[in-house]
Amino acid sequence: QLQLVESGGGLVQAGGSLRLSCAASGFTLNYHTIGWFRQAPGKEREGVSCISSSGGSTNYADSVKGRFAISRDGANMVYLQMNSLKPEDTAVYYCAASSRTYYCSDFTPGDYWGQGTQVTVSS
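Conventions and cut-offs
- Residues numbered from 1 in each chain as written.
- Predicted model: local features only at pLDDT ≥ 70, side-chain atom pairs only at ≥ 80, totals over all residues.
- Heavy atoms only, no water.
- Disulfide = S-S within 2.5 Å.
- Salt bridge = Lys/Arg side-chain N within 4 Å of Asp/Glu carboxyl O.
- Buried < 20%, exposed > 50% of the residue type's maximum accessible area, 1.4 Å probe, protein only.
- Helix = DSSP H or I, 4+ residues; strand = E, 2+ residues; numbered from the N terminus.
- Core = buried A, V, L, I, M, F, W, Y, C linked by side-chain atoms within 4.5 Å.
- Contact = heavy atoms within 4.5 Å.
- Phe/Tyr/Trp six-rings, centres within 6.5 Å; stacked < 30°, edge-to-face > 60°.
- Lys NZ or Arg CZ within 6 Å of the ring centre and 35° of its normal.
- Pairing = 2+ DSSP bridges.
- Axes fitted to C-alpha atoms, helices over the stretch in contact; angles between N-to-C directions.

Trainee: Before we go on, may I ask you to explain the state of the cysteines in this structure?
Mentor: Covalently bonding the sulfur atom of one cysteine to the sulfur atom of another cysteine gives a disulfide. Applying the stated criterion across every chain yields a total of 2 disulfides. Disulfide connectivity for the chain, with bonded cysteines indexed by sequence position, reads 1-3, 2-4.

Trainee: Mind showing me how you'd approach the pattern of salt bridges here?
Mentor: Side chains that differ in charge, positive against negative, can pair when their charged atoms come close. Scanning the model with the defined rule gives 5 salt bridges in all. Among the ionic pairs, E46 bridges to R38, the shortest N-O distance being 2.9 Å. In this structure E46 comes out as partly exposed when scored by relative accessible area, which is 30%. Its salt-bridge partner being D89, residue R67 comes within 2.8 Å of it at the nearest N-O pair. Taken together, the residues span a long stretch of sequence, with R67 in the loop between β6 (58-60) and β7 (68-73) and D89 in the loop between β8 (77-82) and β9 (91-98) at a distance of 22 residues. There is no split in this pair, since R67 and D89 are both buried.

Trainee: So what exactly am I meant to see when it comes to the nonpolar core here?
Mentor: One broad rule of soluble globular proteins: the nonpolar side chains tend to lie buried together. Judged by nonpolar contacts, the single largest core of 27 residues is most densely connected at W36, L80, M82 and Y93. When contributions to this core are tallied by element, the ones reaching two or more residues are β3 (18-25), β4 (33-39), β5 (46-51), β7, β8, β9 and β11 (117-122). Each residue touching M82, except ones within four places of it in the same chain, is listed here: G16, S17, L18, L20, R67, F68, Y93 and V119. Among the nonpolar cores identified, the runner-up in size contains 5 residues, and F37, C50, A96 and F107 belong to it.

Trainee: Sorry if this is basic, but what is going on with the packing of aromatic side chains here?
Mentor: The relation between two aromatic rings is expressed through the spacing of the ring centres and the mutual angle of the planes. Applying the stated rule across the entire model yields 4 aromatic pairs. Ring geometry for F27 against Y112: centres 4.3 Å apart, planes inclined by 20°, an arrangement best described as stacked. Placement of the pair is F27 in the loop between β3 and β4 and Y112 in strand β10 (residues 112-113), with a sequence separation of 85 residues. By relative accessible area, Y112 is classed as partly exposed at 29%. With a centroid separation of 6.4 Å and an interplanar angle of 85°, the aromatic rings of F107 and W113 are classed as edge-to-face. The exposure class assigned to F107 is buried, which follows from its relative accessible area of 11%. Put simply, the rings of F37, F107 and W113 pair up and form one aromatic cluster. Here R19 stacks its cationic end above the ring of Y79, 4.4 Å away from the centre of that ring. Positioned above the aromatic ring of W113, the side-chain terminus of R45 is 4.9 Å from the ring centre.

Trainee: Can you help me understand the environment of S122 in this one?
Mentor: Examined against the element boundaries, S122 turns out to sit in strand β11. Between the C-alpha atoms of S122 and D89, which are 33 residues apart in sequence, the distance is 9.8 Å.

Trainee: Teacher, can you tell me more about the sheet that holds β3 here?
Mentor: Strand pairing in a sheet relies on backbone hydrogen bonds, with the paired strands running either antiparallel or parallel. The 4 strands are arranged β1-β3-β8-β7 in an open sheet whose pairing can be described as antiparallel. Two strands in the sheet have a free side with no partner beyond their single neighbour: β1 (3-7) and β7. Each strand of the sheet is rotated relative to its neighbour by a mean of 15°, with strand direction disregarded. Relative to β8, β3 runs antiparallel, the two being bridged by 6 bridges. Each bridged residue has a counterpart across the sheet, and for R19 the counterpart in β8 is Q81.

That's the geometry; what it means functionally is another story.
Below is the structure:
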């Protein structure tokens, strides 16, 4: 069974931090670009951050630059460190993996997607 499982979400006060984890099972991520996405209530899904298969290239949405950091550890773990959280960061966060593209903007429903983890930032 091929799947991605996110964890680490929860309720945090504005200014706090969370670290999200994405674990792959049934396959390894050695040749995959990994992206973190989020969807807030009533809004479209938004790309947050992306990391290359080697970990040597990353990018971030302007809204999270300087606050979030994506990283990889081994063949099946990816993390999103989220600092200085704001209420507008509240969303369901998804990780996704693609062997087709290096660009987060090119991810499609045909790529591997997790079920999401809820992040709620209180004011």
